[in-house]
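Architecture and fold: a report
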Amino acid sequence: MTEIPQERRVVTAIPGPKSLELQARRTASVAAGVGSTMPVFAERAGGGVLEDVDGNRLIDFGSGIAVTTVGSSAEAVVRRASAQLADFTHTCFMVTPYEEYVAVCEELAALTPGDHAKKSALFNSGAEAVENAVKIARSHTGRQAVVVFDHAYHGRTNLTMALTAKNMPYKNGFGPFAPEVYRVPMAYPYRWPTGAENCGPEASAQAIDQISKQVGAQNVAAIIIEPVLGEGGFIEPAKGFLPALARFARENGIVFVADEIQSGFCRTGQWFACEDEGIVPDLITTAKGIAGGLPLAAVTGRAEIMDSAHPSGLGGTYGGNPVACAAALGAIETMRELDLPAKARRIGEIMKGRLSAMREKYDVIGDVRGRGAMIAIELVKDQATKEPAPEAASALAKACHREGLLVLTCGTYGNVLRFLPPLVIGEDLLGEGLDIIEQALAAL
């Protein structure tokens with residue numbers, strides 16, 4: 001395994017000539033609907049750095065969208081996955097099972113919130129995990145309705161597109177969508193009409209009232225929510241909102257599902273974001289950070305709920321692939337050994353401190369928010385009206401890219417810059433990345 005120097009290096013224009021050559025080949029052979037944030041082609045990556053085919057080294061504030069939490073070539077992930085590759089690549093767990101799948105499920109039972117008996121089922125992607133959580137909840141309750149929230153993102157399959165709030169680019173032109181999906185208000189503190197201090201109790205009261213009156217609690221199989229919203233803009237729901245919904249679900253026999261696909265596995269400074277307010281979900285969906293970059297996802301939950309689906313009702317040819325499971329065991333080993341929840345909290349302290357200081361200087365920053373290494377700034381045209389500034393977010397991201405810093409945008413209004421550095425990034429690289437953001441803001 002080659003060690004990549006942990007330093008930014010810009011030796012060509014970004015993208016460079018080799019990336020431009022590959023981009024031409026890509027345009028000729030890859031469907032136009034598959035987008036890319038930066039048209040630079042990666043050659044290797046590790047720690048907090050991504051090196052492209054032209055020899056540029058970029059500081060990584062994206063982690064492949066919160067996937068390479070332990071870095072893109074973590075020793076334990078590479079070691080365990082390589083050993084498994086040499087043994088066998090696939091048998092299909094539904095044909096002849098193997099220990100690695102069981103071991104991942106045991107780890108999930110130990111790591112996820114709550115001391116109740118838990119079981120898991122493994123899949124390939126976050127969308128698959130969410131879709132299967134709905135199947136399990138419907139099987140358990142005998143009900144059909146699913147409640148989701150404004151600004152939610154849950155995936156790109158037909159059912160998860162229905163669960164996702166944002167039309168463009170995720171849903172536009174792809175309908176009709178799955179029925180029996182109902183959307184209710186999200187506690188978005190920065191944009192709550194009566195102010196952030198009222199947001200938690202008012203938003204939960206509104207959401208519960210809508211569910212009760214428009215759907216009927218007795219018809220709801222599942223309430224699905226991201227404890228920190230991802231694609232919708234890194235919105236941290238106002239305090240009290242999640243506990244009120246979890247209590248309502250418990251009182252009405254509704255399965256409470258925490259979608260921790262982006263926020264899970266140490267990202268927010270805890271193993272799972274729902275731990276912040278002591279939420280113990282009935283089911284929790286995970287993916288992204290679970291396996292150091294290999295495709296793996298899971299639904300973990302109360303044993304009696306997980307067991308409600310009939311035998312062979314859950315599964316899939318590649319679900320819980322042995323190499324991906326081995327990688328997950330290596331990623332979890334790394335998270336424990338390096339105490340990555342603590343590293344995430346430290347990253348959060350540094351980033352929020354610097355970004356909050358920038359907010360004082362630059363009126364374009366309306367809000368700084370998030371926890372741990374899941375931090376964002378929301379950009380506005382006017383701090384008083386809070387009118388979104390998507391053009392500023394796009395310009396800021398492009399300016400960072402030119403200087404060798406990989407950042408991502410998100411948000412319902414396209415005006416949020418999100419930061420998801422690998423939790424193993426060095427503080428020097430973190431500081432240099434923040435310097436680039438500040439320079440780009442000054443130029444903006």
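First things first, this report covers the structure right here in the doc. (Residues numbered from 1 in each chain as written. Predicted model: local features only at pLDDT ≥ 70, side-chain atom pairs only at ≥ 80, totals over all residues. Heavy atoms only, no water.)

**Focus: the nonpolar core**
Judged by nonpolar contacts, the single largest core of 126 residues is most densely connected at Phe-61, Ile-223 and Phe-419. When residues in this core are grouped by element, the largest group, 9 residues, is from helix α10 (residues 322-337). If near-sequence neighbours (up to four positions away) are discounted, Phe-419 is found in contact with Phe-61, Phe-234, Met-351, Leu-355, Ala-373, Met-374, Ile-375, Ala-376, Ile-377, Val-407 and Ile-437. Within the second largest apolar cluster, 17 residues are counted, among which are Ala-45, Leu-406, Val-416 and Leu-420. (Core = buried A, V, L, I, M, F, W, Y, C linked by side-chain atoms within 4.5 Å. Buried < 20%, exposed > 50% of the residue type's maximum accessible area, 1.4 Å probe, protein only. Helix = DSSP H or I, 4+ residues; strand = E, 2+ residues; numbered from the N terminus. Contact = heavy atoms within 4.5 Å.)

**Notes on the environment of Ala-127**
Residue placement: Ala-127 occurs in helix α5 (residues 126-141). Separated by 26 residues in sequence, Ala-127 and Tyr-153 place their C-alpha atoms 9.6 Å apart. When neighbours within four sequence positions are excluded, Ala-127 is seen to be in contact with His-154, Gly-155, Arg-156, Thr-157 and Thr-160.

**A closer look at unusual backbone geometry**
What is expected of a backbone is that most residues other than glycine have negative phi and most peptide bonds are trans. Of note, the amide linkage connecting Ile-14 to Pro-15 takes the cis form, showing an omega dihedral of 5°. Mapping Pro-15 onto the fold places it in the segment before α1 (17-29). The omega angle of the peptide bond from Gly-175 to Pro-176 is 5°, so this bond is cis rather than trans. One non-glycine residue, Phe-265, adopts positive backbone phi at about 60°. Within the secondary structure layout, Phe-265 lies in the loop between β8 (255-259) and β9 (283-286).

**Section: the packing of aromatic side chains**
Evaluated as defined, the whole model comprises 7 aromatic pairs. Centre to centre, the rings of Phe-61 and Phe-419 are 6.1 Å apart; their planes meet at 75°, and the pair counts as edge-to-face. Placement of Phe-61 in the loop between β3 (57-60) and α2 (63-66) and of Phe-419 in strand β15 (residues 416-419) is noted, with a sequence separation of 358 residues between them. Judged by relative accessible area, which is 0%, Phe-61 ranks as buried. Classification of Phe-419 as buried rests on a relative accessible area of 0%. Consider the rings of Phe-88 and Tyr-98, whose centres lie 5.9 Å apart with planes at 65°: the pair is edge-to-face. With Phe-88 in the loop between α3 (75-87) and α4 (99-111) and Tyr-98 in the loop between α3 and α4, the pair connects residues that are 10 residues apart, well separated along the chain. Under the relative-accessibility criterion, Phe-88 is labelled partly exposed at 29%. Within the aromatic cluster, the residues linked to one another by ring pairs are Phe-88, Phe-93, Tyr-98 and Tyr-101. Over the ring of Tyr-190 we find Lys-386; its NZ or CZ atom is 4.4 Å from the centre of that ring. (Phe/Tyr/Trp six-rings, centres within 6.5 Å; stacked < 30°, edge-to-face > 60°. Lys NZ or Arg CZ within 6 Å of the ring centre and 35° of its normal.)

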